[in-house]
Amino acid sequence: MINLETPRKFEFLVSQAHQVATEIFRSNSRKYDRDEHGYPRELDMLAAVIDGMNEGGALSGAGAGGVGEGNGSKPGRDGNRNASNIASLLGLIELSWGDVGLLLTMPRQGLGQAAIAAVASEDQLKRFGGKWAAMAITEPEAGSDSAAIRTTATLEGDEYVLNGEKIFVTAGDRAELIVVWATLDRTQGRAAIRSFVVERDNPGLILERLEHKLGIRASDTADFRLENCRVSRDNLLGSPEIEPKRGFAGVMQTFDNTRPLVAGMAIGVARACLERTRELLTDAGVEIDYDLPPHAQVAAASEFIAMESDWEAARLLTMQAAWMADNKKPNSLQASMAKAKAGRTATDIALRCVAVCGSIGYGEGELLEKWARDVKILDLFEGTQQIQLLIVARQLLGKTSAELK
Ligand SMILES: Cc1cc2nc3c(=O)[nH]c(=O)nc-3n(C[C@H](O)[C@H](O)[C@H](O)COP(=O)(O)OP(=O)(O)OC[C@H]3O[C@@H](n4cnc5c(N)ncnc54)[C@H](O)[C@@H]3O)c2cc1C
């Protein structure tokens, strides 16, 4: 049975994350929205504090790096396990409430660590664990269809040689490591796709440009060329054997853990929008009365209550998906449902909040306009809205990706 209270052991984590979100993220929000490629130095100090807290166990599993199949916790007396997936989700909701662009460029919190945590060997965990790791899947000809990637990895002696192009790599220029998806053999399709850890200072990893974006401007988004980029064969994550039945499933499973986290980011941004809108409505003398039916109160109040209930539905789905991961229950369906629902709902809420607050909501005097720009990416990366719905449909109808495209 799911208990929807915040587990007591995570209350400290949530309150710490909220404090960081308030004091560091919010206060630098507008600054790095305007200074698009400026490096947010304020976060370096924060990373050092977080490292210290992680070593002390206070924040264990609070970032993307810790997620996995119920890592780090034994079930309680009721058989219920709240571990790294729920901890990460709760922390990320708070931090995204502060500023999701800054969260995405927080040192050592890259989504690449989720891929490392999911499949790395003991030795690889020692070498790569705790480092800032970006994730490079997307290519000019492979976005939603990640099985179409063309970057190749060829074994030469004790090294893999990577060649290809990677675009839209979040934190690509700032991270210490980049987890690059490449194919061992293009004739073998998705089964031959593997991920490789590439050090950012590898001379074969060439930065082509940094993107200019609608939102999350604090977070850098890099395009790379891989030109005879040599990595040790020990940098391949998982097994080098090509197993036609399994290969791709292995790398795709990372998404079951990361999609609820991205959904959580959307929940955090939408909560920020709702809270600020409530304050502005209250200042304007609008009373939100939960005991009155929609037709008996002003339009803005009934609009607010409708948005809030939609937000709550998205939040519960997201909690369920993360809770299932912690409790070792297959959650692909719920992870995609949560991502689809939260991404769409949060984008909708952000724009409706701008509308409800009128010209105040649209102006730079408020962060509402920024949140409305920031939130869209959460319905796009880690699988777009349409792709999540496709995955849900496949699962419900029992169809393969070849049968339902
Ligand atoms: C700011 C930003 C940061 C990013 N960070 C990363 C990162 O760190 N690492 C990384 O690897 N990638 C990253 N991406 C890439 C992102 O994951 C892709 O943009 C996304 O997967 C979509 O791919 P695409 O842009 O090629 O669009 P396409 O796949 O070309 O899709 C275009 C449109 O068609 C729709 N569509 C596609 N196929 C179908 C279908 N079968 N059925 C119905 N509709 C369909 C899509 O939903 C979309 O609306 C980032 C992107 C952005 C903008």
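Definitions and cut-offs
Residues numbered from 1 in each chain as written. Predicted model: local features only at pLDDT ≥ 70, side-chain atom pairs only at ≥ 80, totals over all residues. Heavy atoms only, no water. Helix = DSSP H or I, 4+ residues; strand = E, 2+ residues; numbered from the N terminus. Near = heavy atom within 4 Å. Polar contact = N/O pair within 3.5 Å; in protein donor to acceptor, adjacent residues only side chain to side chain. Areas by Shrake-Rupley, 256 points an atom, 1.4 Å probe, with all protein chains shown as cover. Salt bridge = Lys/Arg side-chain N within 4 Å of Asp/Glu carboxyl O. Buried < 20%, exposed > 50% of the residue type's maximum accessible area, 1.4 Å probe, protein only. Phe/Tyr/Trp six-rings, centres within 6.5 Å; stacked < 30°, edge-to-face > 60°. Lys NZ or Arg CZ within 6 Å of the ring centre and 35° of its normal. Expected span 1.5 Å × (residues − 1).

(A) Region of interest: the environment of threonine 282. Summarising the element assignment, threonine 282 is placed in helix 8 (residues 254-283). C-alpha of threonine 282 to C-alpha of aspartate 326: the two residues are 44 residues apart in sequence and 39 Å apart in space.

(B) Broad picture of the site of the ligand. For the ligand, the set of nearby residues contains 18 residues, the closest of which are Thr138, Ser144, Phe168, Thr170 and Thr384. A distance of 2.6 Å separates an oxygen atom of the ligand from a polar side-chain atom of serine 144. Between a nitrogen atom of the ligand and a main-chain N or O atom of phenylalanine 168, the distance comes to 2.9 Å. For the ligand, whose free accessible area comes to 970 Å², the fraction covered by protein is 64%. Looking at the shell around the ligand, the elements with two or more residues in it are strand 1 (133-136), strand 3 (159-170) and helix 12 (385-397).

(C) The pattern of salt bridges, seen in detail. Enumeration according to the criterion identifies 29 salt bridges in this entry. The closest approach of N and O atoms between glutamate 42 and lysine 31, which form a salt bridge, is 2.7 Å. Taken together, the residues span a long stretch of sequence, with glutamate 42 in helix 2 (residues 42-55) and lysine 31 in helix 1 (residues 11-34) at a distance of eleven residues. Relative accessible area serves as the criterion here: at 24%, glutamate 42 is assigned to the partly exposed category. Salt-bridge contacts for arginine 225 lead to glutamate 208; the nearest nitrogen and oxygen are separated by 2.6 Å. In this pair, arginine 225 sits in strand 7 (residues 221-232) while glutamate 208 sits in strand 6 (residues 205-210), placing the two residues 17 residues apart along the sequence. Here arginine 225 falls in the partly exposed class, since its relative accessible area comes to 30%.

(D) Representation of the packing of aromatic side chains within the structure. Inspection of every chain in the model, using the stated rule, returns two aromatic pairs. With a centroid separation of 5.0 Å and an interplanar angle of 65 degrees, the aromatic rings of tyrosine 160 and phenylalanine 196 are classed as edge-to-face. Pair noted here: tyrosine 160 is in strand 3 and phenylalanine 196 is in strand 5 (residues 193-199), with a separation of 36 residues, a long-range link. Measuring from ring centre to ring centre gives 6.1 Å for tryptophan 181 and phenylalanine 255, while their planes differ by 45 degrees; the resulting arrangement is tilted. You can see tryptophan 181 sitting in strand 4 (residues 177-183) and its partner phenylalanine 255 sitting in helix 8, a full 74 residues away along the chain. The pair formed by tryptophan 181 and phenylalanine 255 is uniform in burial state, with each residue classed as buried. Positioned over the ring face of tryptophan 97 is arginine 26, at 3.9 Å from the centre of the ring. Positioned above the aromatic ring of phenylalanine 255 is the side chain of arginine 259, whose terminal nitrogen or guanidinium carbon lies 4.5 Å from the ring centre.

(E) Focus on unusual backbone geometry. The phi dihedral of phenylalanine 168 falls on the positive side, at around 55 degrees, and the residue is not glycine. For phenylalanine 168, the position within the fold is in strand 3. Assessed through its relative accessible area of 48%, phenylalanine 168 is described here as partly exposed. One non-glycine residue, lysine 328, adopts positive backbone phi at about 55 degrees. Mapping lysine 328 onto the fold places it in the loop between helix 9 (299-326) and helix 10 (332-362).

(F) Geometry of helix 1. Here helix 1 spans 34 Å end to end across 24 residues, near enough to the 34 Å set by a 1.5 Å rise per residue. Residues of helix 1 that are buried: Leu13, Val14, Ala17, Val20, Ala21, Ile24, Phe25, Asn28, Ser29, Arg30, Tyr32 and Asp33.

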